[in-house]
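# Topology and contacts: notes
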Amino acid sequence: MRAPEKSLSHELPGLAADVLERLRARSPRVHCITNNVAQAFTANILLAAGAIPTMTLAPDEVASFIAGSEALLINLGTFDAERREAIDIALVTALDERVPWVLDPVFIERSEARARYARELVAKKPRAVRLNATEFAALGGSAADARTLADYARGNLTVIGLTGEADLVGDGARFTTIHNGHPFMARVTAMGCAASALTAACHAIEADAYVATAAALILLGVAGEVAGARARGPGSFAVEILDAVHGLDRATITRHARVT
Amino acid sequence: MRAPEKSLSHELPGLAADVLERLRARSPRVHCITNNVAQAFTANILLAAGAIPTMTLAPDEVASFIAGSEALLINLGTFDAERREAIDIALVTALDERVPWVLDPVFIERSEARARYARELVAKKPRAVRLNATEFAALGGSAADARTLADYARGNLTVIGLTGEADLVGDGARFTTIHNGHPFMARVTAMGCAASALTAACHAIEADAYVATAAALILLGVAGEVAGARARGPGSFAVEILDAVHGLDRATITRHARVT
Amino acid sequence: MRAPEKSLSHELPGLAADVLERLRARSPRVHCITNNVAQAFTANILLAAGAIPTMTLAPDEVASFIAGSEALLINLGTFDAERREAIDIALVTALDERVPWVLDPVFIERSEARARYARELVAKKPRAVRLNATEFAALGGSAADARTLADYARGNLTVIGLTGEADLVGDGARFTTIHNGHPFMARVTAMGCAASALTAACHAIEADAYVATAAALILLGVAGEVAGARARGPGSFAVEILDAVHGLDRATITRHARVT
């Protein structure tokens, strides 16, 4: 099967700006089943972008929260019995109510039980999977390149958003590379988790899963560059990126975005 | 029943400054049963104000922690079996040891189970309930106005602290409106939870529940304005409000407080 | 038994700089069983120093995570059934795999059950115990002085790192006092927990437990002074100390360290 062609790369920065405008106009509710470490920063990234986060895990509540949400994030960073029960209920509700959901298979390379569970979740067809190269390998991807992403995405009917020095987004047919971001993004806990939550938020208001995923990574990557120019270290960077997400506008996005 | 009259509005800024001075002098221990998302920011707001937070939920410890505390916060933002068990034990101890407690019925409009549980807790007579207009409606308040607050507070023998663009405080007989705060307060996760925790801290050193509740909301509202003048976005705002709470003094409070 | 002599005090700042360089070069994986309140700040301190934090508690995963780690922190700040089970598994793995571990007996003075459990853990010979004077008293230390620390450390075959206005480190034979730090360190939640996590990280790359413990407290103390000079309050201090840990170099450490 031939490698996918670059798609929409010139249009994506403008589309990302469109997505952000709709996100602010509609303030979608995004339910996050995520790890304890990431909860507060994830909530703050979503609030800075204009979304409304909720995070409950209680079995008798999670269905009601998801039924009232426009998107769902499932992040495996805390992988306990409570969350596995919440995820089971959440996915039934998300399917019934047609709530788009995004998977973040955190640290699955460190635990075979977690990797197996992540593969089961991929089989339930998330709209997108946001992960890094090590996690993609543990999921079954043989290399972090365009062709492997395309094969994996096509085979699993999903979109892959693989973040790293450059971010790769592919849905099988289409593929793009985003060259934004800043090294401090790897020095702040939960930055990847927040990227996944923002991806879920973009799926709430954009039906094309490829565009929604690329838009989220462009928005966070550009915000990361704005923040990196102001920060003295990872502490101030974590603060500045929240301000930068809040302050993003079309001019900043189209000026900074480097998408090929 | 006639609407309550405005009470103490001119005195409240000075009383808030008194409360803050006593809070710093006595460093009350405030036990918080609160949600995972809010724990760190809540602890930091209490530390910035001069209180000592604890947050354990373990059934075999919570009674011992509360018996050694001067105030208790019960926040329903994480509504799981562990916290419900902790709350049951906590309220028995708080009653036995006469520890004042404050209820924050987070997101009860999103889950009927949570709303029902919140109504049961109100029947156990918290000194104050801190919430927003949507949560007040879910609790049974028909409108967020002076008369409705007064009726609800009188009927339930508590004080209502309803935060929003303006904050309303009423205990049935007395009523006041606080016009401080900043729009970024709605863009930082756990800001309402922190307001409730500060309310609990004020109850630790002020026996008049109406004054304690109004004082907490004046202190946080003024700190929010100081922070808002310095912040570029919600990230720096969350940092600045901690600095502002720490730096509050009588002159700043009385200059900025707008209480009618 | 005579009091221990001051040891290595002049060499310790240079040794701390050596430890930091190795920490950055090797990026050790540090698994933290810690409390919910502290998780995010702890992870960010470790990332700022160059280590890789993980925090899972799930019984079927914790052994696998610890087997892949170079150090382990056990912090009792959240003392629930889940963590007690995780700790049992963690200590078996740490012993089998010879992973050094550090104990932080948070708030044991507030709960006899927790203090008893902490004493059982000390009997399992952590490489170091990081605590404050109140916690040391609850553990059985009669006074926070050189002789008591030495007796306790010798009797329990561990190193004590006792933080406060000055930090004391002793292993029975050797003893030192670190005069760095800043008053805002007591006004930011999880600062002590982060000190313990950094202590664990230093044990990952330094076999002499006395040197590793002193190095961690020197590094955080110096970073605290750098941060304190820039901060306006505890909010900005928490941000600045992350930047300062990230920016530490040999010149800053040896210029600021006051070790006697």
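Bear in mind that the values here come from a model prediction, so they are computed numbers and not experimental data. (Residues numbered from 1 in each chain as written. Chains lettered and ligands numbered in written order. Predicted model: local features only at pLDDT ≥ 70, side-chain atom pairs only at ≥ 80, totals over all residues. Heavy atoms only, no water.)

Further remarks concern the overall build of chain A. Across its full length, chain A carries eleven helices and nine strands. In terms of principal-axis extent, the alpha carbons of chain A reach across some 45 × 40 × 30 Å. Expressed as a percentage of its 260 residues, the buried residues of chain A come to 65%. For chain A, the share of sequence-separated contacts (at least 6 apart) that also reach a separation of at least 24 residues comes to 74%. Accessible surface, chain A: about 8800 Å² in total, of which carbon and sulfur atoms supply 52%. (Helix = DSSP H or I, 4+ residues; strand = E, 2+ residues; numbered from the N terminus. Buried < 20%, exposed > 50% of the residue type's maximum accessible area, 1.4 Å probe, protein only. Contact = heavy atoms within 4.5 Å. Areas by Shrake-Rupley, 256 points an atom, 1.4 Å probe, with all protein chains shown as cover.)

This part takes up the interface of chain C and chain B. Opposite the 20 residues of chain C that make contact, chain B presents 27 residues. Interface of chain C and chain B: buried area, both sides summed, is about 2000 Å²; carbon and sulfur atoms make up 51% of it. Interface area lost by chain C to chain B is led by R110(C), R187(C) and R232(C), which between them contribute 35%. Of all the elements, helix α10 (residues 234-247) of chain C adds the most residues to the side of chain C that touches chain B, at four residues. Looking at the side of chain C that touches chain B, its residues break down into eight nonpolar, six polar and six charged. (Buried area = accessible area lost by both parts, 1.4 Å probe. Nonpolar A, V, L, I, M, F, W, Y, C, P; charged D, E, K, R; others polar.)

Before going further, it helps to spend a moment on the relation of the copies chain C and chain B. Between chain C and chain B, the superposition needs a rotation of 120 degrees and an axial shift of 0.0 Å, giving an RMSD of 0.0 Å. Taken together, the rotation and translation describe the operation of a three-fold axis. When C-alpha positions in chain C are compared against the rotation axis, the closest is assigned to N36(C), at 3.9 Å. Each copy contacts the other with its own distinct surface, as only 10% of the interface residues of chain C are interface residues in chain B too. (Least-squares fit on C-alpha atoms with pLDDT ≥ 70 in both.)

Residue and element names in this part refer to chain A. Turning to its location among the elements, T163 is positioned in strand β7 (residues 159-163). T163 gets classed as buried once you look at its relative accessible area, which sits at 18%. Only 2.6 Å separates the side chain of T163 from the side chain of R130, close enough to count as a polar contact. (Polar contact = N/O pair within 3.5 Å; in protein donor to acceptor, adjacent residues only side chain to side chain.)

All names here are of chain B. Residue position: C193 is located in helix α8 (residues 191-205). Here the alpha-carbon distance between C193 and G181, two residues twelve residues apart in the chain, equals 15 Å. Beyond its immediate sequence surroundings of up to four residues, C193 is in contact with N35, A38, T42, L73, N75, D104, V106 and R130.

Residue and element names in this part refer to chain A. Two elements in contact, helix α2 (residues 39-49) and helix α10 (residues 234-247), have axes whose closest approach is 7 Å; the angle formed by their N-to-C orientations is 30 degrees. The angle between the axes of α2 and α10 places the two elements in the roughly parallel class. In this structure, α2 meets α10 at a crossing whose hand is right-handed. Between α2, through F41, N44, I45, A48 and A49, and α10, the contact on the second element is made entirely by A238, I241, L242, V245 and H246. Along the lines of polarity and charge, the residues of the contact of α2 with α10 split into eight nonpolar, two polar and no charged. (Axes fitted to C-alpha atoms, helices over the stretch in contact; angles between N-to-C directions. Parallel < 35°, antiparallel > 145°, perpendicular 65-115°, else oblique. Left-handed = near helix turned anticlockwise from the far one by under 90°.)

The next thing to look at is the interface of chain C and chain A. Contact residues are listed per partner, giving 28 residues for chain C and 20 residues for chain A. Considering only the surface of chain C that becomes buried against chain A, L47(C), E61(C) and D243(C) emerge as the three largest contributors, covering 24% of it. Counting every contact that joins chain C to chain A gives three salt bridges. Of the charged contacts in the structure, one is a salt bridge between R84(A) and D60(C), with a shortest N-O distance of 3.3 Å. On inspection of chain C and its partner chain A, the count reaches 14 residue pairs in polar contact (both at pLDDT 80 or more). Residue assignment for the side of chain C that touches chain A shows that the elements contributing at least two residues are α2 (39-49), β3 (52-54), α3 (62-67) and α10 of chain C. For the side of chain C that touches chain A, the element with the most residues is α2(C), which contributes six residues. Taken together, the residues of the side of chain C that touches chain A break down into eleven nonpolar, ten polar and seven charged. (Salt bridge = Lys/Arg side-chain N within 4 Å of Asp/Glu carboxyl O.)

A separate point is the packing of helix α9 (residues 209-230) of chain B against helix α10 (residues 234-247) of chain B. Residue and element names in this part refer to chain B. Direction vectors running N to C along α9 and α10 enclose 130 degrees, while the axes themselves pass 8 Å from each other. When the interaxial angle is binned, α9 and α10 end up oblique. Classified by chirality, the crossing of α10 by α9 is right-handed. Between α9 and α10, the residues in contact are L220, A223, G224, V226, A227, G228 and R230 and F237, E240, I241, A244 and V245, respectively. Its residues assigned to classes, the contact of α9 with α10 comprises eight nonpolar, two polar and two charged.

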